[in-house]
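Chain by chain, the residues run as shown.
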Amino acid sequence: MRVAFLVAPEGIEQVELTDPWQAVLEAGGTPRLVSTKHGHAQAFNHLDRADTFKIDETVDETSADDFDALLLPGGVANPDFLRMRDNAVAFVRGFFDAGKPVAAICHAPWTLIEAEVVRGRTVTSWPSLKTDLRNAGAEWVDEKVQVCHSGPNVLVTSRKPADLKFFDEAAVTEFEKAVKG
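Quick caveat: nothing in here was measured; it's all calculated off a predicted structure.

Conventions adopted
Residues numbered from 1 in each chain as written. Predicted model: local features only at pLDDT ≥ 70, side-chain atom pairs only at ≥ 80, totals over all residues. Heavy atoms only, no water. Helix = DSSP H or I, 4+ residues; strand = E, 2+ residues; numbered from the N terminus. Polar contact = N/O pair within 3.5 Å; in protein donor to acceptor, adjacent residues only side chain to side chain. Contact = heavy atoms within 4.5 Å. Axes fitted to C-alpha atoms, helices over the stretch in contact; angles between N-to-C directions. Parallel < 35°, antiparallel > 145°, perpendicular 65-115°, else oblique. Left-handed = near helix turned anticlockwise from the far one by under 90°. Nonpolar A, V, L, I, M, F, W, Y, C, P; charged D, E, K, R; others polar. Buried < 20%, exposed > 50% of the residue type's maximum accessible area, 1.4 Å probe, protein only. Pairing = 2+ DSSP bridges.

(A) Spotlight on the side chain of Gln42. Position of Gln42 relative to the elements: it lies in strand S4 (residues 40-45). Of note is the side chain of Gln42, whose polar atom sits 3.3 Å from the side chain of Arg49. Polar contacts involving the side chain of Gln42 include one to the main-chain carbonyl oxygen of Ala50, which spans 3.0 Å. In contact with Gln42, not counting residues within four places along its chain, are Pro9, Glu10, Gly11, Ile12, Arg49, Ala50, Asp51 and Thr52.

(B) Representation of the packing of helix H1 (residues 14-26) against helix H6 (residues 164-180) in the model. Direction vectors running N to C along H1 and H6 enclose 45°, while the axes themselves pass 10 Å from each other. Between H1 and H6, the angle is such that the two are oblique. You can see that H1 and H6 cross each other, and the crossing is right-handed. Residue-level inspection shows Val15, Glu16, Asp19, Pro20, Ala23 and Val24 of H1 in contact with H6, the latter providing Leu164, Phe167, Asp168 and Val172. Split by residue class, the contact of H1 with H6 holds seven nonpolar, no polar and three charged.

(C) The arrangement of unusual backbone geometry in detail. With a phi angle near 60°, His46 is a residue other than glycine that sits in the positive phi range. Checked against the element boundaries, His46 lands in the loop between S4 and strand S5 (48-54). For Cys106, which is not a glycine, the phi torsion comes out positive at approximately 65°. Note on placement: Cys106 falls in the loop between strand S8 (102-105) and helix H4 (109-114). In this structure Cys106 comes out as buried when scored by relative accessible area, which is 6%.

(D) Structural detail: the sheet that holds strand S6 (residues 57-58). Strands sit in the order S6-S3-S1-S7-S8-S12-S11 across an open sheet of seven strands; the sheet is mixed. Pairing within the sheet leaves two strands with one partner each, and these edge strands are S6 and strand S11 (145-148). Pairing of strand S3 (residues 30-35) with S6, which is carried by two bridges, proceeds in the parallel orientation. By the bridge assignment, Ser35 is partnered in S6 with Thr58. Seen against the sheet, H1 touches strand S1 (2-6), S3, strand S7 (69-72) and S8 and runs at an angle of roughly 145° to S3.

Here you go:
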């Protein structure tokens, strides 16, 4: 199970990267850190700088074809940066076009909105994205985790770090189902 974790060079909410990453590893999967440029990604604990993480490959060097699933960590700055990069948006859209599962937490659905993949989907997120998601055609719900099957792929969304246990479990379950066929 190869899972792309797409992040901006800066602004990732650290626990929304490290917790799902560990869940993928524990399930026997291979997580890979993908970004828009080489080097390291700077994570944050809310507004405070945290650890840095080595980028494995860039969106220009890989595609959805190289992975079984995509995970989008949150953080306010992370998805805001990604949605402004055409190559990152195209990378995300590639998973939907290929029918591969995608999981997004907290503010990460901003990137999904930019990729124009939420119309007709039931999703959750950090509450401040509710209007953005509704305006993009999604049905927003206030749940710990939402697994939506009404589209070309499975879409797992979650609200915040406090929901990570539920998000990790749902994402890994859907990723494993996709690999097993």
